[in-house]
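Chain by chain, the residues run as shown.
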Amino acid sequence: MLERFVETIRGRFSRPMQYYGDICVRCGACADACHFYAASKDPSHIPAERMMLVKQAIQGANDSGRSLVDWYREVQGNDAAMAAKLEKALWDCTGCRRCAVYCPFDLDTGLLVGAGRYAMLQEEIGPEMIAEIGDAEVSKGEIIDFIKDFYVEQTMELEARLKEEFHPDIRVPVENKGAEALYVPLVGEAAIIPAAKIFHAAGVEWSLSLYTATNHSYFVGDGAKAKAAANWIVQEALDLGVKAIVYPECGHASRTLFNYFEGWFGDEIAGLERVNIVPLTYEYLKEGRIKVRPDVFDTALTYHDSCSLGRSSGMYEEPRELIHAVATNYREMTPNRALNWCCGGGGGLIAAAEDKFEMRMQGGLPKVQQIRTTGAEWVITACENCKTQLEDLNEHFELGVEIKGVIDLIADALIV
Amino acid sequence: MDVIEYILTYITPYIAVIALLGGVAYQAYRWRQKSPVAAHLSLYPRPESRLGRLGDALVDMFTMKGLFTVNKLLWVGGFIMHLGLLLLILGHIRVVTDFYFLWDWLNWGEAETHTFSAVAGTGAGLLFMIPLFYLFFRRFGGKIKILSTPEDYFVLVLLVGIAITGMHMRLVSEVEQHPMRVFMQGLYKFDWQPLPESAGLSFIWHFALVQLLMIYFPFGKLMHTIGSVFNKMVMRS
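Residues numbered from 1 in each chain as written. Chains lettered and ligands numbered in written order. Predicted model: local features only at pLDDT ≥ 70, side-chain atom pairs only at ≥ 80, totals over all residues. Heavy atoms only, no water.

Looking at the overall build of chain A
Tallying secondary structure elements over chain A gives 21 helices and eight strands in all. Taking the principal axes of its C-alpha atoms as reference, chain A extends roughly 75 × 50 × 35 Å. The 416 residues of chain A split such that 62% are buried. Long-range pairs, those at least 24 residues apart, make up 79% of the contacts in chain A with a sequence separation of at least 6. For chain A, the exposed area adds up to about 15,800 Å²; of that, 49% sits on carbon and sulfur atoms. Side-chain charges of chain A comprise 41 positive and 62 negative groups, with the mean position of each set lying 5 Å from the other. (Helix = DSSP H or I, 4+ residues; strand = E, 2+ residues; numbered from the N terminus. Buried < 20%, exposed > 50% of the residue type's maximum accessible area, 1.4 Å probe, protein only. Contact = heavy atoms within 4.5 Å. Areas by Shrake-Rupley, 256 points an atom, 1.4 Å probe, with all protein chains shown as cover. Lys, Arg positive; Asp, Glu negative; His and termini not counted. Charge placed at Lys NZ, Arg CZ, Asp CG, Glu CD.)

So this is what it looks like as structure tokens:
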């Protein structure tokens with residue numbers, strides 16, 4: 001069993017993965033980092049064990065598990081039990097990298113899990129739904145001319161509504177050549193409305209992308225497809241001649257923008273600024289390009305650091321500054337920033353729908369505890385995946401909180 | 001017995017050195033076969049400048065500050081054990097040469113250096129050995145037991161064995177330092193000298209276990225010595 005898994009993952013090993021299995025000393029520090037382990041106590045969820053299982057599966061491809069060497073390396077042969085453990089180790093992980101912070105050597109289990117997921121899909125083990133959405137994102141560019149008209153029609157309807165509700169001069173422009181910024185939204189209008197209001201208030205000439213920022217191929221460790229999906233956005237930005245690509249409140253997509261685009265596109269994007277809407281909004285506020293009614297919210301609220309935006313991209317202070325600008329009753333979660341608990345729904349697990357629902361709720365337990373301790377009524381975050389998971393946790397555990405985005409707060413407090 | 005002693009003192013030391021250097025070179029080659037990740041894997045917060053990040057990696061390496069933040073008990077065990085090991089390695093330089101300039105500067109004679117080396121050596125030995133017992137026994141409970149593989153126990157037993165035989169040489173059999181230096185220098189000058197009278201069974205065991213450690217070093221978790229340094233830079237790039 002697992003022949004295709006072993007062959008694929010061997011081919012996809014990068015240099016760090018090659019030494020992870022050699023140098024991990026199994027000190028166990030990472031066990032305390034994992035929300036899935038904290039909630040389930042299932043040993044397959046100890047990050048070091050995830051690594052060991054991959055190593056043992058690779059060795060198990062050739063060995064029966066009956067020799068002394070196999071005993072020493074704990075190779076048991078690749079049977080159905082091994083496949084089940086591997087499935088848990090590689091799919092029941094949000095790639096939040098909290099364990100990498102706990103690891104004395106900074107070993108990044110998330111990196112290995114990415115490659116492992118891709119290899120698992122070659123065995124048809126795991127939620128294929130995530131990969132299918134990824135494929136749709138890749139092929140969207142090929143059919144864009146057929147769906148464009150419908151999309152533009154929808155944005156015009158949205159624009160008309162916002163003119164009535166917000167300001168008569170607000171615009172939601174698509175394919176706006178020479179615009180300053182290309183804003184890449186998410187599916188649905190929730191990510192477009194606050195951004196449109198902020199761009200309007202800042203007097204920024206912007207353009208709404210035809211694509212969405214989400215990149216599900218990235219979740220399943222398929223670098224080539226992840227690049228292909230992101231390429232449509234880069235080409236659109238280059239065609240329009242914008243100065244900056246602006247990503248929405250979406251963790252994993254922003255992580256690709258900050259940490260992967262350079263490796264994928266190199267010189268092609270040398271002149272393009274790459275920013276997230278949250279730090280950009282903070283910049284507008286600092287420069288006085290937008291004005292907000294100070295301290296308009298006195299509801300008790302807290303901020304949840306998204307793993308991709310915080311630990312992996314360093315966006316810690318900008319969202320807090322924005323919240324402080326408009327809210328008076330802020331409560332910090334403990335721990336926070338680099339050591340913040342994952343929401344339990346990252347790594348594309350939301351897209352796996354029913355398959356992973358129960359597991360997501362279990363993995364969200366540390367987060368539920370954290371939110372309850374703050375006593376906050378609003379939970380603010382800057383990642384769509386976190387928002388969806390927090391909504392689900394809210395309902396499932398009857399937290400009685402409201403989940404909001406950072407830019408939602410700002411958009412509601414804008415002076416125009 | 002004489003044959004085994006002969007082999008362990010005049011033949012296997014060379015094999016151990018070759019295995020250590022060759023093994024590390026082979027592992028480095030094996031790691032380099034794979035291409036680096038074409039993405040930034042940085043964990044934040046991190047220093048802005050390149051030099052700052054290098055400094056941060058080095059500080060983290062020498063103080064284990066990352067582990068201190070998340071697991072104080074394990075930090076105490078891990079840090080003190082490694083500190084003891086570092087001191088012991090420094091002290092063992094005296095097996096082949098001496099810190100003449102240091103003793104001159106301190107104006108210490110034979111008696112003073114001998115006392116210092118006895119006190120410091122015993123102290124470093126205890127710093128090394130006591131945490132090893134903690135690190136060993138914690139592997140018999142809970143999640144660490146599940147995680148542990150035979151290798152983890154083997155390496156710890158090996159290190160404890162080296163520590164105990166070393167302490168025995170220092171405290172019980174009181175191996176004389178100068179004749180030992182003559183013998184060790186003979187090994188690397190290929191001018192073989194007889195084992196000193198005072199070197200008893202504890203020396204043979206100590207010497208043999210260290211050679212086993214050297215041979216094993218490149219092929220197991222002990223490679224974290226080298227790999228962790230690389231990885232700390234990768235995770236700050």
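Examining the confidence of the model for chain B
Residue and element names in this part refer to chain B. In the predicted model, chain B carries a mean pLDDT of 94, and 100% of its residues have values of at least 70. Per-element mean pLDDT across chain B ranges from 90 in helix 5 (residues 100-106) up to 97 in helix 4 (residues 72-91). Both scores are available for the predicted complex, with the pTM at 0.95 and the ipTM at 0.94. (pLDDT = per-residue confidence, 0-100.)

What about the pairing of strand 3 (residues 244-247) of chain A?
All names here are of chain A. The side-chain alternation of strand 3 yields two buried faces, one formed by Ala244 and Val246 and the other by Ile245 and Tyr247. As judged from the three bridges shared by strand 1 (residues 181-183) and strand 3, these two strands associate in the parallel manner. The residue bridging Leu182 from the neighbouring strand is Ile245, located in strand 3. Bridging between strand 3 and strand 4 (residues 273-276) involves four bridges; their strand directions are parallel. Bridging across to strand 4, Ala244 finds its partner in Glu273. (Pairing = 2+ DSSP bridges.)

Concerning the interface of chain B and chain A
Listed as interface residues are 47 residues of chain B and, on the opposing side, 51 residues of chain A. In total, chain B and chain A occlude about 4,300 Å² of area from one another, counting both sides; carbon and sulfur atoms represent 59% of this. Where chain B packs against chain A, one counts five salt bridges. At the junction of chain B and chain A, the tally comes to 25 residue pairs in polar contact (both at pLDDT 80 or more). When residues of the side of chain B that touches chain A are traced back to their parent elements, those giving at least two are helix 1 (2-32), helix 3 (65-70), helix 7 (142-147), helix 8 (150-171) and helix 11 (224-234) of chain B. Counting residues per element, the side of chain B that touches chain A draws most heavily on helix 11 of chain B, at seven residues. Split by residue class, the side of chain B that touches chain A holds 22 nonpolar, 13 polar and twelve charged. (Buried area = accessible area lost by both parts, 1.4 Å probe. Salt bridge = Lys/Arg side-chain N within 4 Å of Asp/Glu carboxyl O. Polar contact = N/O pair within 3.5 Å; in protein donor to acceptor, adjacent residues only side chain to side chain. Nonpolar A, V, L, I, M, F, W, Y, C, P; charged D, E, K, R; others polar.)

A few points about the nonpolar core
Core analysis: the biggest nonpolar cluster contains 168 residues, and A:Phe5, A:Leu86, A:Tyr183, A:Phe199, A:Ile245, A:Tyr247 and A:Phe261 have the highest contact counts within it. The leading source of residues in this core is helix 8 of chain B, at eight residues. With residues up to four places along the chain from it excluded, the contact list for A:Ile245 reads A:Leu182, A:Val184, A:Ile233, A:Val234, A:Ala237, A:Leu257, A:Phe261, A:Leu272, A:Glu273, A:Arg274 and A:Val275. Core analysis: the next-biggest nonpolar cluster, separate from the first, contains twelve residues, B:Met180, B:Met184, B:Leu195 and B:Ile204 among them. (Core = buried A, V, L, I, M, F, W, Y, C linked by side-chain atoms within 4.5 Å.)

A short note on the side chain of A:Asn276
Residue and element names in this part refer to chain A. Structurally, Asn276 is set in strand 4. A polar contact of 3.1 Å, which involves the side chain of Asn276, links it to the backbone oxygen of Pro248. Residues contacting Asn276, with those up to four places away along its chain left out, are Val246, Tyr247, Pro248, Ser254, Phe258, Leu309 and Met315.

Quick word on the sheet that holds strand 6 (residues 330-331) of chain A
Residues and elements named next belong to chain A. The strand order 6-5-7-8 describes an open sheet built from four strands, whose pairing is parallel. Two strands close off the open sheet at either side, each with one partner strand: strand 6 and strand 8 (402-405). Of the pairings in the sheet, the one linking strand 5 (residues 301-304) to strand 6 comprises two bridges and is parallel in character. Bridge pairing in strand 6 places Leu301 opposite Tyr330.

Comments concerning the packing of helix 4 (residues 47-60) of chain A against helix 6 (residues 80-91) of chain A
Residue and element names in this part refer to chain A. Helix 6 packs onto helix 4 with a crossing angle of 140° between their chain directions and a minimal axis gap of 9 Å. Classed by the angle they form, the pair helix 4 and helix 6 counts as oblique. Our pair here, helix 4 against helix 6, has a crossing hand that is left-handed. Where helix 4 approaches helix 6, its residues Arg50, Leu53, Val54, Gln56 and Ala57 are matched on the opposing element by Met82, Lys85, Leu86, Lys88, Ala89 and Leu90. Partitioned by chemical class, the residues of the contact of helix 4 with helix 6 number seven nonpolar, one polar and three charged. (Axes fitted to C-alpha atoms, helices over the stretch in contact; angles between N-to-C directions. Parallel < 35°, antiparallel > 145°, perpendicular 65-115°, else oblique. Left-handed = near helix turned anticlockwise from the far one by under 90°.)

Looking at the pattern of salt bridges
A full pass over the atoms with the stated rule returns 31 salt bridges over all chains. Among the ionic pairs, A:Glu384 bridges to A:Lys387, the shortest N-O distance being 4.0 Å. Taken together, the residues A:Glu384 and A:Lys387, both in helix 20 (residues 384-396) and three residues apart, mark about one turn of the helix. Linking B:Lys232 and B:Asp60 is a salt bridge whose minimum nitrogen-to-oxygen distance equals 2.9 Å.

Here we look at the packing of helix 10 (residues 144-165) of chain A against helix 11 (residues 193-202) of chain A
A pair of packed helices can be characterised by two numbers: the angle between their axes and the separation between those axes. Residues and elements named next belong to chain A. Helix 11 packs onto helix 10 with a crossing angle of 60° between their chain directions and a minimal axis gap of 12 Å. By the angle class used here, helix 10 and helix 11 are oblique. Here helix 10 and helix 11 pass one another in a crossing that is right-handed. For the pair helix 10 and helix 11, the contacting residues are Leu158, Arg161 and Leu162 in the first and Ile193, Ala196 and Lys197 in the second. Looking at the contact of helix 10 with helix 11 residue by residue, the class counts come to four nonpolar, no polar and two charged.

Considerations on the environment of A:Thr214
All names here are of chain A. Structurally, Thr214 can be placed in the loop between strand 2 (206-208) and helix 12 (216-219). If we ignore the near neighbours within four places in the chain, the residues touching Thr214 are Glu137, Leu186, Cys250, His252 and Ala253. There is a polar contact of 3.1 Å between the side chain of Thr214 and the side chain of Glu137.

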